[in-house]
Amino acid sequence: MSAADFRKLADLFPNETVTHSYVQDIALPGTVGRPGPGTFALVTLDNDLDHTKPTTLGPNTLVELGTVLEGLRGRAARGEIVGVGVTGKPHYLVAGADLSAVKSLEQREHGLWMAQLGHDVYATLANLGVPSFAFINGAALGGGLEIALQSTYRTVSTGAGALALPEAFLGLVPGWGGVYILPRLVGPENAVKVMIENPLSNNRTLSGAEAFKLGIADALFEPADFLEQSLAWAAGVISGDVVPERANAVDPSSPEAATRWAAAVEAGRAFVEAKTSNASPAPAKVLDILEVNRTMTAAESAALECETLAELMQTDEFRSTVYAFLDLVQKRAKRPAGAPDRKLARPVTKVGVVGAGLMAGQLALLFARQLKVPVVLTDIDQARVDKGVAYVHAEVDKLLAKKRLSQDAANRTKALVTGSVSKDVFADADFVIEAVFEELHIKKQVFAELEGIVGTECILATNTSSLSVTEMAADLQHPERLVGFHFFNPVAVMPLLEIVRAPRTDDAVLATAFELAKSLKKTGVLVKDAAAFVVNRILLRLMGEVTAAFDEGTPAEVADNALRPMGLPMTPFTLLAMVGLPVAQHVQESLHAAFGDRFPVSTNLKKLIDNNVKALWETSPDGTRAIPASTLEMLSFGSSPSTGGQVLRRVQDALAEEIGHMLDEDVVAGPADIDLCMILGAGWPMFLGGIIPYLDRVGASERVNGKRFLAPGVASPAAG
Amino acid sequence: MSQHGSGASPRTVRDVVFVDGIRTPFGRAGEKGIYAGTRADDLIVKCIRGLLRRNPSLPSERIDEVAIAATTQTGDQGLTLGRTAALLAGLPRTVPGFAIDRMCAGAMTAVTTTAGGIGFGAYDVVVAGGVEHMGHHPMGSGADPNPRFMSERLVDPAALNMGNTAENLHDRFPAITKERTDAYAVASQDKLAAAYRDGKIQPDMVPVAARKPGEGWTVHSKDEPPRPGTSMADLAGLRTPFRAHGRVTAGNAAGLNDGATAAVLASSDAAAELGLPVKMRLVSYAYAGVEPEVMGIGPVPATEKALKNAGLTIDDIGLFEINEAFAVQVLSFLDHYGIADDDPRVNRYGGAIAVGHPLASSGVRLMIQLARQFEEDPSVRYGITTMCVGLGMGGTVIWENPHHPDYSGTPSGESAATVSEGAMA
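Residues numbered from 1 in each chain as written. Chains lettered and ligands numbered in written order. Predicted model: local features only at pLDDT ≥ 70, side-chain atom pairs only at ≥ 80, totals over all residues.

Q: Can you tell me about the overall build of chain A, naming the residues and giving the values?
A: When you go through chain A residue by residue, the secondary structure sums to 30 helices and 19 strands. The C-alpha atoms of chain A give 29 Å as radius of gyration, which agrees with the globular expectation for 720 residues (27 Å, within 12%). Overall size of chain A, expressed as C-alpha extent along the three principal axes, is 85 × 60 × 50 Å. Split into buried and exposed, the 720 residues of chain A put 53% on the buried side. Sequence-distant contacts, at least 24 apart, represent 76% of the contacts inside chain A between residues at least 6 apart. (Helix = DSSP H or I, 4+ residues; strand = E, 2+ residues; numbered from the N terminus. Rg over C-alpha atoms; globule rule 2.2 N^0.38 Å. Buried ≥ 20, exposed ≤ 12 C-beta atoms within 10 Å, placed from the backbone. Contact = placed C-beta atoms within 7 Å.)

Structure below.
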């Protein structure tokens, strides 16, 4: 086959942003007293757009690259060139397969062509008749890194970041040879780390130096003259002066390789199970191929890789991930729906935090670190204030110890955070947020007091998770300046911020809130003032159903593990313990008050709280979990236990019902915002698409509401 | 160490040596030039890194100063170029730097100024060089000449255009005809082509990767401006852009170019201590002013002054590296000293007419070429690098060849430390 045989596929994408393959002949440098080894053809992958438009590998791009490489193979055969190099435009080797193209391949056969096209092109690169070199100058993801892996040799820049094989995260496999070459190059253990552990750990990537250390690249050069040094190095390799050492390389036919291979695959499977409960098929497929390809030829593995890719491209999990990753996290998160014109935003040069408890301390630290403006905490007595400030200072010291902050930055951050027992210190603040006890009358009292102190332009914000922002604003002189600013725990880590617009919140205040969210490196999502907003409402609906099933007599083990097929980050009872039983109960009561029996208040839970039980499960020293007999004695159960399957279906239906209500109530601008909230605020997996694509996929939407939330094709295969 | 416990060290003047020099290939300025998409500061960074790579015994933290010249110090040549280049080149943050300007003699002035600092004892090792990206910074761009120049007739406005001053020089020296300047230019092209053929130019160039839209990356390792094989007939028909029926053409003048150069200088003690090569020893230098309208004659008084400072005469000079801004200006110098147009001591490897003249970078190119000629010709003891400078100046540096049997400095590789330790006892 030649790349041109795939023209029929490329023709399906007339609007592809093509990454071109430009070729330049370069006379390789010699050494003192000796001429260079000959002419080297350097291919630059370049879309001629600026750095905000990454280079990607779509069908047209691959056909062009393949055709160019076939030409170079001919030149190599004629003795015109002694080597071929591939590099990229600044900041990118190439970012990876064009996902928007891949997700629009509606037929399995087209997906198979795409997989085969990549292999065809990369096989040419790997068999040019002269050595090939990848000069990894910048980001190389997925198919981008596989171009490098398919080359005979690789150099990498210390300035390069984002080197990864993220396919397992996306719902695919590194199926353009990565899964075959990487274990041979760096060992099966490192290959599992790169192909499984990193993608499933918040899609972690490697730096150039890390890739070099693993053995992915043969040489490491600084960015200032990366290409010049890479070419000099290539000249050395071609002339035989430089022989790269590959300390981590493994001969798969060696006796110990079989053992290492099996152990690495087994470790990978345990990791996948722990992280995802195997709720998405892709990670296991990566390991399946890795397991069998030890004894395969590259061509045999390639055939398996292509079949697997074609299959996975048509899965809901892959489509939902692309929806969640591209459409939501990369696009929608950057342009929040309903946010007013950012030009209306007012500057925030000083922040006040009412309260000096744990949440207040977390907020103060975040504001001081990210905004770098003075932050002042207040509380009712000096001891509490001192404790709050001391907490922030101690956190700064921890960051300093971890080298996340320099000494100067630590000094600056500490100096920014002060405390007072008098709210007069808020007089010149632009933004004051309360983090006091979740009681409406207390919060109203705080805001009333603040209005007597702060300037007319000062924005007042509440971090309430369940109270009505509208009621909080009701008696204010300037209700237009109150906004809900709901963070998630832990504040430093969770990227979501629910920005709550009360009926009278004005546009300038809202615009400031969104700009503030961006400065805090959070994603703001606009939500209406409805009980518990988005994330907590959905989480509590879910926990309420599972708790109800438990109360009805479902064994704890069955109830708590019923949702494993969803691959959520933790089980409901674990989440309940983490949130804290009293907090969860408090929010549940608010929801019960607002929405009635959809949010039942569990009497069992109340008993646990009354008896100061922190968690249902207790882990014994040998690692097994059980509910202590003393806890069980407090509880009473019904006599209608459910199976795990019944609990799962009950939760699916409940979530579909609740989300249906939320959309009817216009809590958010659309289903996409619900998914975005669940991904960023609860860490729900992208292979669920957040939650809505999953509910459509399992039929809950149709069962409960009579229709899907999202049309087929939005976050699922169009035919599905 | 002092027994008295107070008072500064006694002042001693130290020998300054040229350790090594390197340059980028020169390009033609403009959209089609090889560096159209390359930043000026990146060009100088390649030179600094090339120097360090070639001199591994020089610890980068031992560099005491980075002086980089550019005529137009804005944009990619702005922001205190010596310091930014040092940071971009990856030198330790403890290494300071500054920017310097004497138009065409920028790099030469970077060398002589820091050499003065070495001689005085302020520095042990320095990097000095220059860059001009004339594609990004046409000569005089952004300048705002004081109107007094015109109103008080301080300088003929025409003197701000270098081509006009070259025509003026023809007026002053009628013996220098267009035929002579063209013949000189043809010879410059021929000499450079021969030097390339003999591998005299390539070793002192650092390759530069450059990317252009629609073409991708390539690496440049030879000069773009040369036009080997240029004949008298080729030059005869060229336009005379500065004066109708004039004499100065694009063929007998240096072009508009992009490029960078840099050199390492050291005290002879530091060179010995660090095991650095000594390619030349600085004997003396001088700058002199002339009428801006005939700036091309500047090398004559500058050379007079430098020779006087050194106690030498023109007859002691065995090699001349003179910048060829214009052929007429070189010939006016040669005529002054009674040197033949084709004297083999002059610009053996050709000059700026062939290789190009990225203004502030050229001074170090002259030094690089003289150093290589010293190495291949130990019979020569002294050589000069000299150039004319816009607004009516000349600059000359006299160098001694360490390969000459009568070399007066510390021979390369021998430590001077033993002598000073003896003196302390």
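So much for the structure itself; the text now carries on.
Q: Run through the overall build of chain B, naming residues and quoting values.
A: The helix and strand tally for chain B stands at 13 helices and 12 strands. Here chain B has a C-alpha radius of gyration of 21 Å; the compact-globule value for 425 residues is 22 Å, and the two agree. Looking at chain B residue by residue over its 425 residues, the buried ones come to 56%. Long-range pairs, those at least 24 residues apart, make up 81% of the contacts in chain B between residues at least 6 apart in sequence.

Q: Explain helix H6 (residues 178-197) of chain B to me, and be specific about the residues and the numbers.
A: All names here are of chain B. A rise of 1.5 Å per residue sets the reference length of H6, with its 20 residues, at 28 Å; its end C-alpha atoms lie 29 Å apart and thus fit the reference within 8%. Where H6 is buried, its residues contact helix H7 (232-236), helix H10 (327-337) and helix H11 (352-355). Gly199 lies just past H6 and shows a positive phi near 70 degrees. (Expected span 1.5 Å × (residues − 1).)

Q: Tell me about the sheet that holds strand S14 (residues 459-462) of chain A, and name the residues and values.
A: Residue and element names in this part refer to chain A. Across the sheet, which stays open at both edges, the 8 strands sit in the order S12-S11-S10-S13-S14-S15-S16-S17 with mixed pairing between neighbours. Pairing within the sheet leaves two strands with one partner each, and these edge strands are strand S12 (417-420) and strand S17 (523-528). Across the sheet, the mean angle from the axis of one strand to that of its neighbour is 25 degrees, orientation sign disregarded. Pairing analysis gives 4 bridges linking strand S15 (residues 482-487) to strand S16 (residues 496-501), with the strands arranged antiparallel. Paired with Phe487 across the bridge in S16 is Leu497. Contacts from helix H16 (residues 382-401) reach strand S11 (375-378) and S12 within the one sheet, and its direction differs from that of S12 by about 175 degrees. (Pairing = 2+ DSSP bridges. Axes fitted to C-alpha atoms, helices over the stretch in contact; angles between N-to-C directions.)

Q: Kindly report on the pairing of S14(A), identifying the contributing residues and their values.
A: All names here are of chain A. Burial along S14 is two-sided: Ile459 and Ala461 and Leu460 and Thr462, pointing in opposite directions, are all buried. Here 4 bridges tie strand S13 (residues 431-434) to S14, and the two strands are oriented parallel to one another. By the bridge assignment, Val432 is partnered in S14 with Leu460. With helix H18 (residues 440-451) bridging S13 and its parallel neighbour S14, the resulting β-α-β unit is right-handed. Relative to S15, S14 runs parallel, the two being bridged by 3 bridges. When the sheet's bridge partners are listed, Leu460 is paired in S15 with Leu482. (Right-handed = clockwise from strand over helix to strand, strands pointing away.)

Q: Which residues make up the environment of Val283(B), and what are the values?
A: Residue and element names in this part refer to chain B. Take Val283: it is sitting in strand S9 (residues 280-289). Separated by 258 residues in sequence, Val283 and Pro25 place their C-alpha atoms 28 Å apart. Among all residues touching Val283, those that are not within four sequence positions of it are Ala310, Tyr382, Ile398, Trp399 and Glu400.

Q: How would you explain the interface of chain A and chain B if you had to name every residue and give the values?
A: In this assembly, 16 residues from chain A lie in contact with 17 residues from chain B. Going through the elements one at a time, strand S1 (20-27), strand S2 (39-46) and helix H10 (226-239) of chain A are the ones with two or more residues in the side of chain A that touches chain B. The biggest single contributor to the side of chain A that touches chain B is S1(A), with 4 residues. Class assignment of the residues belonging to the side of chain A that touches chain B gives a composition of 8 nonpolar, 3 polar and 5 charged. (Nonpolar A, V, L, I, M, F, W, Y, C, P; charged D, E, K, R; others polar.)

Q: If you had to explain the environment of Pro685(A) to someone new, which residues and values would you point to?
A: Residue and element names in this part refer to chain A. Its place among the elements puts Pro685 in the loop between helix H28 (671-682) and helix H29 (692-697). Expressed as a C-alpha distance, the spacing of Pro685 and Leu526, which sit 159 residues apart in the sequence, is 21 Å. Sequence-distant contacts of Pro685, defined by excluding residues within four places in its chain, comprise Thr276 and Gly567.

Q: How would you explain unusual backbone geometry if you had to name every residue and give the values?
A: Residues and elements named next belong to chain A. Here the residue pair Asn489 and Pro490 is connected by a cis peptide bond, since its omega of -5 degrees sits within 30 degrees of zero. A positive phi is found at Asp48, a non-glycine position, where the angle reads about 60 degrees. Within the secondary structure, Asp48 is located in the loop between S2 and helix H2 (59-77). Look at Asp48 and you get partly exposed, because 16 C-beta atoms sit within 10 Å.

Q: An account of helix H12 (residues 362-376) of chain B is requested, with residue identities and associated values reported.
A: All names here are of chain B. End to end, H12 covers 22 Å across 15 residues, agreeing with the expected 21 Å (1.5 Å per residue, within 8%). The buried count for H12 comes to 12 of 15 residues, which makes it a mostly enclosed element. Among the residues of H12, Ser362, Gly363, Val364, Arg365, Leu366, Met367, Ile368, Gln369, Leu370, Ala371, Gln373 and Phe374 are the ones counted as buried.

Q: Before we move on, can you summarise the packing of helix H5 (residues 143-150) of chain A against helix H7 (residues 178-186) of chain A with the specific residues and values?
A: Residues and elements named next belong to chain A. Where H5 meets H7, the axes come as close as 10 Å, and the angle between the chain directions of the two elements is 55 degrees. Taken as axis vectors, H5 and H7 run oblique relative to one another. In this structure, H5 crosses over H7, and the sense of that crossing is left-handed. Contacts between H5 and H7 involve Leu145, Glu146, Leu149 and Gln150 on the former and, on the latter, Gly178, Ile181, Leu182 and Leu185. Its residues assigned to classes, the contact of H5 with H7 shows 5 nonpolar, 2 polar and 1 charged. (Parallel < 35°, antiparallel > 145°, perpendicular 65-115°, else oblique. Left-handed = near helix turned anticlockwise from the far one by under 90°.)

Q: I'd love a proper account of the sheet that holds strand S5 (residues 132-136) of chain A, names of residues and values included.
A: Residues and elements named next belong to chain A. The 6 strands lie next to each other as S1-S2-S3-S5-S7-S9, forming an open sheet whose pairing is mixed. The strands lining the two open edges of the sheet, one partner per strand, are S1 and strand S9 (219-221). Averaged over all adjacent pairs, the angle separating strand axes in this sheet is 20 degrees, with direction ignored. Of the strand pairs in this sheet, strand S7 (residues 153-157) and S9 are connected by 3 bridges, and their pairing is parallel.

Q: Lay out the confidence of the model for chain B with the relevant residues and their values.
A: All names here are of chain B. Residues of chain B with pLDDT of at least 70 account for 95%, and the chain-wide mean is 93. Contacts for the low-pLDDT stretch residues 413-425, under 50 throughout, to residues beyond four places or in other chains number 9 contacts. In the model output, the complex is listed with pTM 0.93 alongside ipTM 0.91. (pLDDT = per-residue confidence, 0-100.)

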